[in-house]
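Secondary and tertiary structure notes
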Amino acid sequence: MGTILIVDDHQNTTDAIQQIAEEKNHQGLVAHDAENAFEMFKQSSVDLVITDMKLPGKSGLELLKQIRHIDSEIPVIVITAFGTVQNAVQAMKLGAFDYISKPFSVEEIELKIEKALMAHNMTVENRELHWENEYLREEMQYNFPSIVGQSAKMKEVYQLVEKVASASSSVLILGESGTGKELIAKAVHFSSPRKNKPFIKVNCAALAEGVLESELFGHEKGAFTGAIRHKPGRFEIAGEGTIFLDEIGEIGLSTQVKLLRVLQEKEFERVGGIDPITMKARIITATNQNLEDLIRQKKFREDLFYRLNVVTIQLPSLRERNEDIPLLAQHFVQKYRQETGKSVQGITPRAMKCLLNYSYPGNIRELENVIERAIVLTNNPFIDLEDFPQNMIEWANHSDPAETTSNVTKDDLLTKTENFEKNLIEEALMKTRGNMSQAAQELGINRTTLRYKMVKYHLLNGEFQS
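These lines cover the structure that appears in this document, whether it is placed above or below. (Residues numbered from 1 in each chain as written. Predicted model: local features only at pLDDT ≥ 70, side-chain atom pairs only at ≥ 80, totals over all residues. Heavy atoms only, no water.)

So, the overall build of the protein
- When helices and strands are counted, the protein shows 20 helices and 16 strands.
- For the protein, the proportion of its 466 residues judged to be buried stands at 47%.
- Across the protein, contacts joining residues at least 24 apart in sequence account for 71% of those joining residues at least 6 apart.
- Of the roughly 23,400 Å² of accessible surface on the protein, a fraction of 49% belongs to carbon and sulfur atoms. (Helix = DSSP H or I, 4+ residues; strand = E, 2+ residues; numbered from the N terminus. Buried < 20%, exposed > 50% of the residue type's maximum accessible area, 1.4 Å probe, protein only. Contact = heavy atoms within 4.5 Å. Areas by Shrake-Rupley, 256 points an atom, 1.4 Å probe, with all protein chains shown as cover.)

Shown next, in the form of C-alpha cells:
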C-alpha cells in the first residue's frame, strides 16, 4: 500500500485516478493546483506523485522541479495531453519517473502506479540497507583481543564482562574519559549470543536534544522541517543486537522520559509517527560523570538510573593500572608503525620510565596520542624522551621514582600527583587567559577531559569558567 498525491485541475480526472488507486488499496490525496500540491507533499508521507503538465498558476514541470529540489527519490508521473512527446521528454530530463498521455486507460494507470511504487520501495530498502551497512562496517571489524591489559583490576573487568555477556540486562559502564568504555561495551556485545547482530553506537554528547531524539527513534516524513523522508532510528537499526549510548549523562530530561518508556514498555514510535515499534535490542550505557550527583541536582532521573544500572562495570584509570603501561605502549607502537610505515622498534628505557611516571589525565587515549605523535616525529629506531610533549617530560621529571617506592605511601603519591596536576591545569589556564580549548591543547588533552578535571579540582567555581 502506498500514498499517492494526484494533481490535476479537472475534478473528473482526479476522481478517476483516486478511484483506481484506492481499488488497489492505495491512499489517494488530491490537489487541484501546484501550490496546494507542494504544501501537501511537504506535510504528508507521499510515495508517488501523479501530476498534469498544465495546472492553474505553476505548471506540472515547475511542481516537479520543486519536488526534486527537496527529494530526489520520490517517483513522479506526469500526464501530458494528446501525446505531446516534447513535454514528456522535458519532464523525464527533470527527473520524472514516467509519463502518461491523455486519454489513458485504467490498465495503463494501474500498471504505471505499481511499477513506480515497486521502484520506490526498492530505493527505500536499498537506502536503509546502506544506512545499516554504514553503521555496521566499522563495528564488525572489532576484535576482542584489542583490549590490552593484564593488571589485577583489568582481570576483574574481564571476569565481569564474561558473566554479564550472556544475559540481556542493561549494563552501565563507568570510568574517566579515555579509559576504554566503548571497547568494553563491544566486548560485552561480541561475547554474547547477539554477536552476529548489529552493535550500534550513539554519542549522546555530540547531538542536540532534538536531533538525538530523531537519531534514537527515527522520524516520519514531514515530522519537522527538513524531514523530507522517513528515517529509521538507531533502536530500529539495532534490531536484536546491542545499542551503546555513550555519554548518557549528557541527555536532556525530555529524552530521558522517552528512553525510560522504551526500557519499561519495550516499544517506541518514530518522531511524528503513531505506530509502535518493538524494541528488542540490549542497552549498554557509559558515562564519565557521577550520575548520582546529577540525580541530586535534578539533572538525571532516578528511575532511569536504576533501569540502566542493573549491572555496573567500573573501569580503572590508567593511574590505577600502571603495570599495563608497557603493554599498551608497545601495542600502540606496533599499530602506528604499520600505519605510518616507520621502522620504529620500541621505546628506550628512559622514555619508558617517563611513561611510567606520568599521571595520564587523558588515560589510555592520551597514551595512544603520545605514542602516535612520537612515531610521527622520530627519525630513530627507538622512541626516546625528546619525542614526548614537553609538559609530559616536566611532569615525569617532577616525580622521583625512588621516593615513590620507599618513602611515600600510595595515598601520599596520589595526593602529590593530583596537586601537581591541578597546578599544571591552573598554569595552562592562566597562560591562555581561561580559554579552555587552548588550555586543553597546551596540556595535550581534549576539552572534555579538561572540564572533568576542572570540576574535580573545583576550578570551575573560580575565575576559569570559559
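Now that the structure has been shown, the text picks up again.
Re the sheet that holds strand S10 (residues 242-246)
- Spatially, 5 strands are ordered S7-S10-S13-S6-S14 in an open sheet, and the strand pairing comes out parallel. Looking at the sheet topology across the chains shown, the edges are occupied by strand S7 (199-203) and strand S14 (311-314). For this sheet, the mean inter-axis angle between neighbouring strands, taken without regard to orientation, is 20 degrees.
- Here 4 bridges tie strand S6 (residues 171-174) to strand S13 (residues 282-287), and the two strands are oriented parallel to one another. Residue pairing for S13: Val-171 is matched across the bridge by Ile-284. (Pairing = 2+ DSSP bridges. Axes fitted to C-alpha atoms, helices over the stretch in contact; angles between N-to-C directions.)

What about the sheet that holds strand S3 (residues 48-52)?
- Spatially, S2-S1-S3-S4-S5 is the arrangement adopted by the 5 strands of the open sheet, whose pairing is parallel. Of all strands in the sheet, those bounded by a partner on one side alone are strand S2 (27-31) and strand S5 (98-102). Taking the axes of each pair of neighbouring strands and ignoring which way they run, one obtains an average angle of 20 degrees across the sheet.
- Relative to S2, strand S1 (residues 3-7) is paired through 5 bridges, and the arrangement is parallel. Residue pairing for S2: Ile-6 is matched across the bridge by Val-30.
- Along the sheet face, helix H2 (residues 34-43) touches S1, S2 and S3 and points at about 140 degrees away from the line of S2.
- Contacts between helix H3 (residues 60-70) and the sheet are confined to S1, S3 and strand S4 (76-81), with S3 contributing the most and set at about 155 degrees to the helix.

Focus on helix H19 (residues 436-443)
- Along H19, the residues classified as buried are Met-436, Ala-439, Ala-440 and Leu-443. One side of H19 holds all its buried residues, which, seen down the axis, span an arc of 100 degrees.
- With a side-chain oxygen positioned 3.1 Å from the backbone nitrogen of Ser-437, the residue opening H19 is Asn-435. (Arc of directions from axis to C-beta. Polar contact = N/O pair within 3.5 Å; in protein donor to acceptor, adjacent residues only side chain to side chain.)

A closer look at the nonpolar core
- Counting 42 residues, the largest nonpolar core has Ile-347, Leu-355, Ile-371, Ile-383, Phe-388 and Leu-450 as the members making the most contacts within it.
- For this core, the elements supplying multiple residues, two or more each, are helix H13 (325-340), helix H14 (349-357), helix H15 (363-377), helix H16 (390-398), helix H18 (410-431), H19 and helix H20 (447-456).
- Contact partners of Leu-450, with chain neighbours within four places excluded, come to Ile-425, Met-436, Ala-439, Ala-440, Leu-443 and Ile-445.
- Among the nonpolar cores identified, the runner-up in size contains 29 residues, and Phe-217, Ile-251, Ala-281 and Phe-300 belong to it. (Core = buried A, V, L, I, M, F, W, Y, C linked by side-chain atoms within 4.5 Å.)

Topic: the environment of Leu-117
- As for its placement among the helices and strands, Leu-117 is situated in helix H5 (residues 106-139).
- What Leu-117 contacts, discounting residues up to four positions off in sequence, is Gly-2, Ile-4, His-26, Asp-47 and Leu-48.

Describing the packing of H13 against H15
- Between H13 and H15, the shortest axis-to-axis distance is 9 Å and the interhelical angle comes to 45 degrees. As summarised for this structure, H13 and H15 are arranged oblique, according to the angle between their axes. Considering the relative orientation of H13 and H15, their crossing is right-handed. On the side of H13, the interface is formed by Ile-325, Leu-328, Ala-329, Phe-332, Val-333, Lys-335, Tyr-336, Arg-337 and Thr-340, while H15 contributes Ile-364, Leu-367, Glu-368, Ile-371, Glu-372, Ile-375 and Val-376. (Parallel < 35°, antiparallel > 145°, perpendicular 65-115°, else oblique. Left-handed = near helix turned anticlockwise from the far one by under 90°.)

Points about the packing of aromatic side chains
- Using the criterion set out here, one finds 7 aromatic pairs in the structure.
- Ring centres of Phe-199 and Phe-244 lie 6.1 Å apart, and the angle between their planes is 25 degrees; on these two criteria the pair is classed as stacked. Taken together, the positions of Phe-199 in strand S7 and Phe-244 in strand S10 put the pair 45 residues apart, joining distant regions of the chain. The residues Phe-199 and Phe-244 share a single accessibility class, namely buried.
- With a centroid separation of 5.3 Å and 65 degrees between ring planes, the pair formed by Phe-305 and Tyr-306 is classed as edge-to-face.
- Joined through ring pairs, the aromatic side chains of Phe-190, Phe-199 and Phe-244 make up one cluster. (Phe/Tyr/Trp six-rings, centres within 6.5 Å; stacked < 30°, edge-to-face > 60°.)

A word on unusual backbone geometry
- The omega angle of the peptide bond from Lys-102 to Pro-103 is -10 degrees, so this bond is cis rather than trans.
- The residue Pro-103 is located in the loop between S5 and H5 in this model.
- The backbone of Asn-25 sits at a positive phi, close to 70 degrees, despite the residue not being glycine.
- Relative to the elements of secondary structure, Asn-25 occurs in the loop between helix H1 (11-23) and S2.
- Phi angles above zero are rare outside glycine, and Glu-247 is one such case at about 55 degrees.

What to know about the environment of Ala-205
- With respect to the element layout, Ala-205 can be found in the loop between S7 and helix H8 (209-217).
- Classification of Ala-205 by relative accessible area gives partly exposed; the value is 45%.
- Separated by 42 residues in the primary sequence, Ala-205 and Glu-247 place their C-alpha atoms 5.8 Å from one another.
- Look past the residues within four positions of Ala-205 in its chain and what remains in contact with it is Asp-246, Glu-247 and Glu-250.

Function cannot be read off these values alone, since they describe shape.
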